[in-house]
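If you want the building blocks of each chain, they are given just below.
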Amino acid sequence: MKVSLYPGCSAHGTAKEYSQSIEAVSHALGIETHEIDDWSCCGATSAHSTNYKLSVALPARNLMIAQRKGLDVMIPCAACFNRFKTAQHHIEKDKALRAEMESIIGGKLTDGIAIRNPIDIIANDIGLDALEKKVVKKLDGLKPVSYYGCLLLRPPEVCRFDDYENPVLLDKILAACGADVKKWAFKTDCCGGSLSISRTDIVGKMVNKLASMAKEAGADCIVTACPLCMANLDMRADAALKMPVFYFTELLALAMGLPGPEKWFKLHITDPMPLVRSLKLM
Amino acid sequence: MKTFLDEVNERIDGVPIQRCYHCRKCTAGCPMAFVMEYNPNKVIKMIQMGKKEEVLGSSTIWLCASCETCITRCPNEVDIARMMDVLRQMALESGKGAKEKSVLAFHEAFLSSIRSGGRLNEPMMMVNYKLKSGDLFSDMALGLDMFTKGKLSIFAPKTKDVASVRKIFEKTKTA
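Residue positions are given per chain, counted from 1 along the sequence in the order it is written. To read the labels, note that chains go from A and ligands from 1, taken in the order they are written. At least 70 in pLDDT is required for a residue's local features to be given in this predicted model, at least 80 for side-chain atom pairs to be given and counted, and no such filter applies to totals for whole chains, interfaces and linings, which use all residues.

S.K.: Lay out the overall build of chain A with the relevant residues and their values.
M.R.: Working definition: helices are DSSP H or I runs of at least four residues, strands are E runs of at least two. Numbering for both runs from the N terminus. Assigned secondary structure in chain A consists of 14 helices and seven strands. In this treatment the radius of gyration is a C-alpha quantity, and the globule benchmark scales as 2.2 Å times the residue count to the 0.38 power. For chain A, whose C-alpha radius of gyration is 18 Å, the value lies close to the compact-globule estimate of 19 Å for 282 residues. Dimensions of chain A, computed from the C-alpha atoms along their principal axes, are close to 55 × 45 × 30 Å. As a rule, residues whose C-beta atom has 12 or fewer other C-beta atoms within 10 Å are exposed, those with 20 or more are buried, and those in between are partly exposed; C-beta atoms are placed from the backbone. The proportion of buried residues among the 282 residues of chain A is 56%. Excluding contacts between residues fewer than 6 apart, the proportion of contacts in chain A whose partners are at least 24 apart in sequence is 76%. By the convention adopted here, residues make contact when the C-beta atoms placed from their backbones lie within 7 Å.

S.K.: Hey, could you go over the packing of helix α8 (residues 101-117) of chain B against helix α11 (residues 162-171) of chain B for me, with residue numbers and the actual values?
M.R.: Residues and elements named next belong to chain B. Where α8 meets α11, the axes come as close as 7 Å, and the angle between the chain directions of the two elements is 135°. On the basis of their axis angle, the class for α8 and α11 is oblique. Listed contacts from α11 to Ile 114, Arg 115 and Gly 117 of α8 are Val 162, Val 165, Arg 166 and Phe 169. Residue classes follow a fixed rule: Ala, Val, Leu, Ile, Met, Phe, Trp, Tyr, Cys and Pro count as nonpolar, while Asp, Glu, Lys and Arg count as charged, and any other residue, Gly among them, counts as polar. Classifying every residue of the contact of α8 with α11 by side-chain character gives four nonpolar, one polar and two charged. All axes here are fitted lines through C-alpha atoms, helices being fitted over the stretch that makes contact, and every angle between N-to-C directions spans 0 to 180 degrees. Angle categories are assigned with fixed cut-offs, so that under 35 degrees is roughly parallel, over 145 is roughly antiparallel, 65 to 115 is roughly perpendicular, and the rest are oblique.

S.K.: Lay out the domain arrangement of chain A with the relevant residues and their values.
M.R.: All names here are of chain A. When cut into domains, chain A gives domain 1 (2-116) and domain 2 (130-278). Each of domain 1 and domain 2 was reduced to a C-alpha centroid, and the two centroids are 23 Å apart. Each partner contributes residues to the interface: domain 1 has 24 residues there, and domain 2 has 24 residues. With ten residues, helix α1 (residues 16-29) is the single largest residue contributor to the side of domain 1 that touches domain 2. Across the side of domain 1 that touches domain 2, the residue classes break down as twelve nonpolar, nine polar and three charged. Per the annotation, domain bounds derive from an automatic or database assignment of domains.

S.K.: Account for the sheet that holds strand β6 (residues 221-224) of chain A, with residues named and values stated.
M.R.: Residues and elements named next belong to chain A. In this analysis, strands are considered paired if DSSP registers two or more bridges between them. Across the sheet, three strands lie side by side as β5-β6-β7; this open sheet has parallel pairing. Single-partner strands in this sheet number two, and they are β5 (144-147) and β7 (245-247). Each adjacent strand pair in this sheet contributes to an overall mean axis angle of 30°, direction not counted. One ladder, built from three bridges, connects β6 with β7; its direction is parallel. Bridge pairing in β7 links Ile 222 to Val 245. Sheet contacts for helix α8 (residues 169-176): β5 and β6; angle to β5, the most-contacted strand, approximately 145°.

S.K.: Tell me about the pairing of strand β1 (residues 2-5) of chain A, and name the residues and values.
M.R.: All names here are of chain A. Strand direction decides the pairing type here: β1 and strand β2 (residues 32-35), joined by four bridges, are parallel. Paired with Ser 4 across the strands is His 34, a residue of β2. The sheet contact formed by β1 and strand β3 (residues 73-74) spans two bridges and is parallel. Residue pairing in the sheet places Ser 4 in a bridge with Val 73 of β3.

S.K.: With reference to specific residues and values, describe the interface of chain B and chain A.
M.R.: Each partner contributes to the interface: chain B provides 46 residues, whereas chain A provides 47 residues. Mapped by element, the contributors of at least two residues to the side of chain B that touches chain A are α6 (69-73), α7 (80-93), α8, α9 (122-133), α10 (140-149) and α11 of chain B. When the residues that make up the side of chain B that touches chain A are grouped by side-chain class, the tally is 21 nonpolar, 14 polar and eleven charged.

S.K.: Describe the environment of A:Gly13, with residues and values.
M.R.: With respect to the helices and strands, the residue A:Gly13 is situated in the loop between β1 and α1. Here A:Gly13 falls in the buried class, since 22 other C-beta atoms lie within 10 Å of it. Once residues within four sequence positions are removed from consideration, A:Gly13 is found in contact with B:Glu122, B:Lys151, B:Leu152, B:Ser153 and B:Ala156.

S.K.: An account of unusual backbone geometry is requested, with residue identities and associated values reported.
M.R.: In this structure, the amide linkage connecting A:Arg154 to the following residue, A:Pro155, adopts the cis form with an omega of -5°. One can find A:Pro155 in the loop between β5 and α7 (156-159). For B:His22, which is not glycine, the phi dihedral falls at a positive 55°. Considering the arrangement of structural elements, one finds B:His22 in the loop between α1 (4-12) and α2 (25-29). B:His22 gets classed as exposed once you count the C-beta atoms within 10 Å, which come to 11.

S.K.: A description of the nonpolar core should follow, citing residues and the corresponding values.
M.R.: If you look at the biggest cluster of nonpolar residues, it comprises 140 residues, and the most contacted ones within it are A:Leu152, A:Ile222, A:Cys226, A:Leu233, A:Phe248 and A:Leu251. Residues within four places of A:Phe248 in sequence aside, it is in contact with A:Leu170, A:Ile173, A:Leu174, A:Val223 and A:Ala225. Each nonpolar core comprises buried Ala, Val, Leu, Ile, Met, Phe, Trp, Tyr and Cys residues, the members being joined through C-beta atoms within 7 Å.

S.K.: Tell me what's going on with the pairing of β6(A), and back it up with residues and numbers.
M.R.: All names here are of chain A. Side chains Cys 221 and Val 223 of β6 all project onto a buried face; the interleaved residues Ile 222 and Thr 224 project onto the opposite face, where all are buried too. Inspection of the sheet shows β5 paired to β6 by four bridges, in the parallel sense. Note on β6: the bridge partner recorded for Pro 144 is Cys 221. We call a crossover right-handed when, viewed with both strands directed away from the observer, the connection leading from the first strand over the helix to the second proceeds clockwise. As a crossover connection, the stretch from β6 through helix α11 (residues 227-236) into β7 is right-handed.

S.K.: Give me the sheet that holds strand β4 (residues 115-116) of chain A: which residues, what numbers.
M.R.: Strand pairing in a sheet relies on backbone hydrogen bonds. The paired strands run either parallel or antiparallel. Residues and elements named next belong to chain A. Strands sit in the order β2-β1-β3-β4 across an open sheet of four strands; the sheet is parallel. The sheet is open, and its two borders are formed by β2 and β4, each paired with just one other strand. Relative to β4, β3 runs parallel, the two sharing two bridges. Looking at the pairing, Val 73 lines up with Ile 115 of β4.

Here's what the structure looks like:
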């Protein structure tokens, strides 16, 4: 299948390993990606916290460019995904806002461009059977918990994807790779998001709770699809509680025997190599 | 004359917040309630009581992490997450600024980076944030670690047509 790709700003920086693993996995699964031409930032939490119209207009500019190709838009970053879906939701229900946005961005906005995240595309379009067939090295012995966080699922009428209180697609994807996925009740709890830098103290408490609950569930790592969740869990938990955190696409690449994981794991703040080596996954 | 409640409802543009019957489901599920001075359902009550100064001057509105758990679970579909956005914006428009100064400094540094390059430049944003917040020394070791690992890209590509992004900022300017 062909999709437009919106990498998001962190793809070139703190979430380099996510964007590189997404590319590798997409290629291997037959997802042809076309980066949105000259894309710009979605505005993230900072725009919608301080200026409603700016928070709609910034994704709208990218939607306008994406609609020229007419393909579904794949957005790996949970925060960008949420901002695009939300902007689209407002534009579709509010005619006056749509007209105003069109004048601000200097072009028409059409409906019907599907904004999707890679969990949805891999689980529903590629399919778990097809994924399993690509697995050459089962993730035997790995005990992850899947962590969705907030922005992939809420609010449900906007995100329209997976169960919003107990999502399961990511668990199924990891199980298809041979991992022993652990159940826990914190899949959709918040990591503190963008308060990471301004109120590190609060975020520390939130990720400590997540890490200790993951441990209690019998997990040896946490798997995410969000650069913000990754950053907070990887950097902000107390040393005693820290456990390896992976982007789900890194583990997919590992299971599919693709090159890259060794390079990506070096970018993690909490070194996942001792765990990976102890399970002889690399 | 419009009451504070009228203003908030008009800007949320959803169900009127007075539909809240204080079941406290929002507060029970709020991951930030443990640090908020007023819980989410209390903010609704305060708006109904016209306590504009107290609400707009509170840390609560800036500590809301926009996780959207409240709106997802509210039995009456009161959009509390959107209400928090509206309250933050009203606080800025009133010229009061933010009780949580570092949170606002982060948002300003973030948006100023987008305005200048079309995309976020993480290291430049951090420098700008540190200057704005005065919090110069936190995360230094972590920043160095990230830099050494190659996690920070000072020269990340910018948006070529950055003029179109700046135009968006111009045309949506509020205060």
